[in-house]
Amino acid sequence: MTLERRAVFLDEMGIGPLWQRRDMPVATETPAALEPMPAVALAEERTVAEQASVIAAVPRAPEAPPSSAVAGMNWMQLKESVAGCVKCGLCNGRTKTVFGVGDEKAKWLFIGEGPGRNEDQTGEPFVGPAGKLLDNMLRAIGVKRGENAYIANIVKCRPTDGNGRDRPPTQEETAACMPYLERQIALIQPTVLVALGKTAALSLLGLDPETPVSKLRGTVHRYAGLPLVVTYHPAYLLRSLPEKRKAWTDLCLAMTTYANA
Ligand code: SF4
């Protein structure tokens, strides 16, 4: 990708101007052109060089292995199984299951929380404004939906509350659905995983539900032996525009991790 095209996508993310990568894809300096950050935010921010040096030995989340049936499925069997799944109560409210989309041999795997209203209607993850932002994030690192990138969720059916609003999946719903994602990961064999948001990160890493995303950023975690980088969910970034710069920092860490893998 040309620097000019990347600048366009970064501008779409709202974090232009372009950060110039040097010999390695590591952004070690804050570009002078970026606006000053609040003191609190600066205190939380680490340089990417610092981040890249931190390799965390975080325990894998799921203690139980995936069910033997799911663990042995091929892509077609897996898709059919998800489409007809009634393993948890989320099946009752769904319009469509949302299996995942992208290059089934992708080196990049992006994992979100679960389907929202648009995804439930279309059967595809990350559609609508958050999906557009995610697509721009993908292009900023030189991949795109269907080309060296796969997008999946922790749960395949839309979780809603009593008022029909989106909510995070419960631990029970997550546990019921995880074997499908585990099998997707095993089939794809990605080089780098990127967890989009708190629910995805905590579900994959098996951490306390109160752990904030800010404590998980800036560290290369491990999931099933694969490097995992945590960043914010695109829907959150749309509500919290200043955090887009942090998301770009996370993507730089992911690119460094990918380059070194
Ligand atoms: S969320 Fe997952 S486990 Fe629950 S019904 Fe849907 S596919 Fe099955």
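Quick caveat, the model's predicted, so the values are computed rather than measured.

## Observations concerning the overall build of the protein chain
Here is step 1 of the chain: Across its full length, the protein chain holds twelve helices and six strands.
Here is step 2 of the chain: Counting over 261 residues, the protein chain shows a buried share of 44%.
Here is step 3 of the chain: Restricting to contacts in the protein chain with at least 6 residues of sequence separation, those with at least 24 account for 73%.

## With respect to the pairing of strand 6 (residues 226-231)
Here is step 1 of the chain: Of all six residues in strand 6, five are buried, a share of seventy percent or more.
Here is step 2 of the chain: Where strand 4 (residues 192-196) and strand 6 come together, four bridges link them in parallel fashion. The residue of strand 6 that forms the bridge with Val 194 is Val 229.
Here is step 3 of the chain: As paired strands, strand 5 (residues 221-223) and strand 6 are joined by three bridges and run antiparallel to one another. For Arg 222, the partnering residue across the bridge sits in strand 6 and is Pro 227.
Here is step 4 of the chain: Connecting strand 5 to the next strand, strand 6, in antiparallel fashion are two residues, including Ala 224 with a positive phi near 50 degrees.

## Points about helix 9 (residues 198-205)
Here is step 1 of the chain: In terms of burial, helix 9 is a largely internal element, eight of the eight residues being buried.
Here is step 2 of the chain: Among the residues of helix 9, Lys 198, Thr 199, Ala 200, Ala 201, Leu 202, Ser 203, Leu 204 and Leu 205 are the ones counted as buried.
Here is step 3 of the chain: Turning to helix 9, the residues buried within the fold contact strand 2 (108-112), helix 8 (171-188), strand 4, helix 10 (213-216), strand 5 and strand 6.
Here is step 4 of the chain: In the stretch just after helix 9, Gly 206 is the one whose phi turns positive, near 65 degrees.

## Here's the deal with the nonpolar core
Here is step 1 of the chain: Judged by nonpolar contacts, the single largest core of 62 residues is most densely connected at Leu 109, Phe 110, Ile 111, Val 194, Ala 195, Ala 201 and Leu 251.
Here is step 2 of the chain: Residues within four places of Ile 111 in sequence aside, it is in contact with Ala 152, Asn 153, Ile 154, Leu 193, Ala 195, Leu 196, Ala 200 and Leu 204.

## Considering the sheet that holds strand 5
Strands pair in a sheet through their backbones, by hydrogen bonds, and they do so in one of two ways: parallel or antiparallel.
Here is step 1 of the chain: In space, the six strands of this open sheet follow the order 1-3-2-4-6-5, with mixed pairing throughout. The open sheet has two edge strands, strand 1 (101-102) and strand 5, and neither has a second partner.
Here is step 2 of the chain: Inspection of the sheet shows strand 1 paired to strand 3 (residues 149-153) by two bridges, in the antiparallel sense. What sits directly across from Val 101, in strand 3, is Ile 151.

## Considerations on the site of the ligand
Here is step 1 of the chain: Contacts to the ligand come from 14 residues, most closely from Cys 85, Cys 88, Cys 91, Cys 157 and Cys 177.
Here is step 2 of the chain: With three residues, helix 8 is the single largest residue contributor to the shell around the ligand.
Here is step 3 of the chain: Within the shell around the ligand, the residues separate by chemical class into ten nonpolar, one polar and three charged.

## Concerning the environment of Gly 142
Here is step 1 of the chain: Within the secondary structure, Gly 142 sits in the loop between helix 7 (129-140) and strand 3.
Here is step 2 of the chain: A tally of 17 C-beta atoms within 10 Å means that Gly 142 is categorised as partly exposed.

## Comments concerning helix 12 (residues 244-260)
Here is step 1 of the chain: With 17 residues, helix 12 should reach 24 Å at 1.5 Å per residue; the first-to-last C-alpha distance of 24 Å fits that figure.
Here is step 2 of the chain: With respect to burial, helix 12 is a largely interior element, 14 of its 17 residues being buried.

## Section: unusual backbone geometry
Here is step 1 of the chain: With phi around 70 degrees, Asn 148 is a residue other than glycine that occupies positive phi space.
Here is step 2 of the chain: Considering the arrangement of structural elements, one finds Asn 148 in the loop between helix 7 and strand 3.

## A closer look at the pairing of strand 4
Here is step 1 of the chain: For strand 4, the buried fraction is high: five of the five residues fall into the buried class.
Here is step 2 of the chain: Where burial is concerned, the two faces of strand 4 agree: the one with Val 192, Val 194 and Leu 196 and the one with Leu 193 and Ala 195 are both buried.
Here is step 3 of the chain: Here strand 2 runs beside strand 4; their pairing, made up of four bridges, is parallel. Residue Ile 111 lies in a different strand from strand 4, and its bridge partner there is Ala 195.

## Some remarks on the environment of Pro 179
Here is step 1 of the chain: Among the secondary structure elements, Pro 179 is positioned in helix 8.
Here is step 2 of the chain: A count of 22 C-beta atoms within 10 Å places Pro 179 in the buried class.
Here is step 3 of the chain: It is 9.3 Å that separates the C-alpha atoms of Pro 179 and Ser 68, two residues lying 111 residues apart in sequence.

The rules behind these values
Residues numbered from 1 in each chain as written. Predicted model: local features only at pLDDT ≥ 70, side-chain atom pairs only at ≥ 80, totals over all residues. Helix = DSSP H or I, 4+ residues; strand = E, 2+ residues; numbered from the N terminus. Buried ≥ 20, exposed ≤ 12 C-beta atoms within 10 Å, placed from the backbone. Contact = placed C-beta atoms within 7 Å. Pairing = 2+ DSSP bridges. Core = buried A, V, L, I, M, F, W, Y, C linked by C-beta atoms within 7 Å. Near = placed C-beta within 6 Å. Nonpolar A, V, L, I, M, F, W, Y, C, P; charged D, E, K, R; others polar. Expected span 1.5 Å × (residues − 1).

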